[in-house]
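Fold and geometry: a report
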Amino acid sequence: ISETLAAITEMEETVAEFKDNCAKREEKVAIEIETAKKHSDHVRIAFENAQKRAHEFACVPDNELQIQMKELDSQEKEIIDDAEHKMAVLIEEEPILNKMIFDYDSVTPLND
(Lines give C-alpha, C1' and ligand atoms only; values in the text may rest on other atoms or scores of the structure.)
Protein backbone atom coordinates (compact mmCIF):
# COMPACT_ATOMS: atom_id res chain seq x y z
CA ILE A 1 0.00 0.00 0.00
CA SER A 2 2.84 2.42 0.81
CA GLU A 3 4.37 1.84 -2.63
CA THR A 4 1.01 2.55 -4.26
CA LEU A 5 0.62 5.72 -2.18
CA ALA A 6 4.14 6.79 -3.17
CA ALA A 7 3.34 6.12 -6.84
CA ILE A 8 0.09 8.08 -6.58
CA THR A 9 1.89 10.97 -4.88
CA GLU A 10 4.56 10.93 -7.59
CA MET A 11 1.88 10.89 -10.30
CA GLU A 12 0.04 13.78 -8.64
CA GLU A 13 3.30 15.77 -8.51
CA THR A 14 3.95 14.96 -12.17
CA VAL A 15 0.40 15.99 -13.12
CA ALA A 16 0.72 19.21 -11.10
CA GLU A 17 4.07 19.98 -12.77
CA PHE A 18 2.55 19.22 -16.18
CA LYS A 19 -0.41 21.52 -15.47
CA ASP A 20 1.97 24.24 -14.28
CA ASN A 21 4.05 23.91 -17.46
CA CYS A 22 0.89 23.99 -19.59
CA ALA A 23 -0.31 27.14 -17.80
CA LYS A 24 3.06 28.83 -18.40
CA ARG A 25 2.98 27.85 -22.09
CA GLU A 26 -0.58 29.10 -22.44
CA GLU A 27 0.44 32.40 -20.84
CA LYS A 28 3.36 32.77 -23.27
CA VAL A 29 1.14 31.88 -26.22
CA ALA A 30 -1.47 34.41 -25.10
CA ILE A 31 1.22 37.12 -24.95
CA GLU A 32 2.52 36.14 -28.40
CA ILE A 33 -1.01 36.20 -29.82
CA GLU A 34 -1.64 39.64 -28.33
CA THR A 35 1.65 40.91 -29.79
CA ALA A 36 0.78 39.41 -33.17
CA LYS A 37 -2.62 41.13 -33.06
CA LYS A 38 -0.93 44.48 -32.36
CA HIS A 39 1.49 43.95 -35.26
CA SER A 40 -1.42 42.94 -37.47
CA ASP A 41 -3.25 46.14 -36.53
CA HIS A 42 -0.18 48.22 -37.41
CA VAL A 43 0.14 46.49 -40.78
CA ARG A 44 -3.57 46.91 -41.48
CA ILE A 45 -3.44 50.62 -40.64
CA ALA A 46 -0.34 51.12 -42.80
CA PHE A 47 -2.01 49.29 -45.68
CA GLU A 48 -5.19 51.35 -45.32
CA ASN A 49 -3.13 54.56 -45.28
CA ALA A 50 -1.26 53.45 -48.39
CA GLN A 51 -4.54 52.66 -50.13
CA LYS A 52 -5.90 56.06 -49.12
CA ARG A 53 -2.82 57.85 -50.46
CA ALA A 54 -2.93 55.86 -53.69
CA HIS A 55 -6.60 56.74 -54.09
CA GLU A 56 -5.88 60.42 -53.40
CA PHE A 57 -3.07 60.36 -55.96
CA ALA A 58 -5.30 58.64 -58.51
CA CYS A 59 -7.91 61.34 -57.98
CA VAL A 60 -5.52 64.17 -58.80
CA PRO A 61 -6.47 65.59 -62.19
CA ASP A 62 -3.99 64.94 -64.99
CA ASN A 63 -3.48 68.64 -65.67
CA GLU A 64 -2.53 69.22 -62.03
CA LEU A 65 -0.03 66.38 -62.25
CA GLN A 66 1.41 67.92 -65.40
CA ILE A 67 1.78 71.27 -63.64
CA GLN A 68 3.52 69.61 -60.68
CA MET A 69 5.83 67.69 -63.04
CA LYS A 70 6.69 70.90 -64.92
CA GLU A 71 7.48 72.62 -61.62
CA LEU A 72 9.73 69.73 -60.59
CA ASP A 73 11.43 69.75 -63.99
CA SER A 74 11.96 73.50 -63.69
CA GLN A 75 13.46 73.13 -60.21
CA GLU A 76 15.70 70.32 -61.41
CA LYS A 77 16.88 72.44 -64.37
CA GLU A 78 17.67 75.34 -62.03
CA ILE A 79 19.73 73.04 -59.81
CA ILE A 80 21.61 71.61 -62.80
CA ASP A 81 22.21 75.08 -64.27
CA ASP A 82 23.49 76.32 -60.91
CA ALA A 83 25.83 73.34 -60.58
CA GLU A 84 27.11 73.82 -64.15
CA HIS A 85 27.69 77.52 -63.48
CA LYS A 86 29.64 76.74 -60.31
CA MET A 87 31.68 74.15 -62.24
CA ALA A 88 32.43 76.71 -64.98
CA VAL A 89 33.58 79.25 -62.39
CA LEU A 90 35.75 76.61 -60.73
CA ILE A 91 37.30 75.63 -64.07
CA GLU A 92 38.04 79.29 -64.83
CA GLU A 93 39.83 79.58 -61.49
CA GLU A 94 41.70 76.29 -61.95
CA PRO A 95 42.28 75.65 -65.69
CA ILE A 96 43.81 72.22 -65.00
CA LEU A 97 40.32 71.02 -64.05
CA ASN A 98 39.25 71.52 -67.67
CA LYS A 99 41.49 68.58 -68.65
CA MET A 100 39.99 66.25 -66.04
CA ILE A 101 37.10 63.89 -66.55
CA PHE A 102 34.66 63.99 -63.67
CA ASP A 103 32.92 60.84 -62.53
CA TYR A 104 30.05 62.10 -60.40
CA ASP A 105 29.19 58.55 -59.30
CA SER A 106 32.70 57.94 -57.95
CA VAL A 107 33.28 57.61 -54.25
CA THR A 108 36.90 58.74 -54.64
CA PRO A 109 37.45 62.26 -53.30
CA LEU A 110 38.28 64.91 -55.95
CA ASN A 111 41.69 65.57 -54.35
CA ASP A 112 42.73 61.94 -54.93
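All of the points below concern the structure found in this document. (Residues numbered from 1 in each chain as written. Predicted model: local features only at pLDDT ≥ 70, side-chain atom pairs only at ≥ 80, totals over all residues. Heavy atoms only, no water.)

Across its full length, the protein chain holds two helices and zero strands. Relative to its full complement of 112 residues, the protein chain shows a buried share of 3%. Carbon and sulfur atoms make up 58% of the accessible area of the protein chain, which amounts to about 10,700 Å² in all. (Helix = DSSP H or I, 4+ residues; strand = E, 2+ residues; numbered from the N terminus. Buried < 20%, exposed > 50% of the residue type's maximum accessible area, 1.4 Å probe, protein only. Areas by Shrake-Rupley, 256 points an atom, 1.4 Å probe, with all protein chains shown as cover.)

What follows concerns a nonpolar patch on the surface. A cluster of nonpolar side chains, Ile1, Leu5 and Ile8, forms an exposed patch at the surface whose accessible area comes to about 350 Å². Among the secondary structure elements, isoleucine 1 is positioned in the segment before α1 (2–58). (Patch = residues over 30% accessible without salt bridge, like charges linked within 9 Å, V, L, I, M, F, W, Y side chains within 5 Å. Salt bridge = Lys/Arg side-chain N within 4 Å of Asp/Glu carboxyl O.)

With that out of the way, let us pick up a negative patch on the surface. On the surface, a cluster of negative charge is contributed by Glu10, Glu12, Glu13 and Glu17. Judged by its relative accessible area of 53%, glutamate 10 is exposed. (Lys, Arg positive; Asp, Glu negative; His and termini not counted. Charge placed at Lys NZ, Arg CZ, Asp CG, Glu CD.)

The next point concerns the pattern of salt bridges. With the rule as written, the count across this model stands at five salt bridges. Here lysine 24 ties to aspartate 20 by a salt bridge, and the two come within 3.5 Å at their closest N and O atoms. Separated by four residues within a single helix, lysine 24 and aspartate 20 lie in helix α1, roughly one turn from each other. The class for aspartate 20 is partly exposed, based on a relative accessible area of 39%. A single salt-bridge network, built from bridges that share partners, covers Asp41, Arg44 and Glu48.

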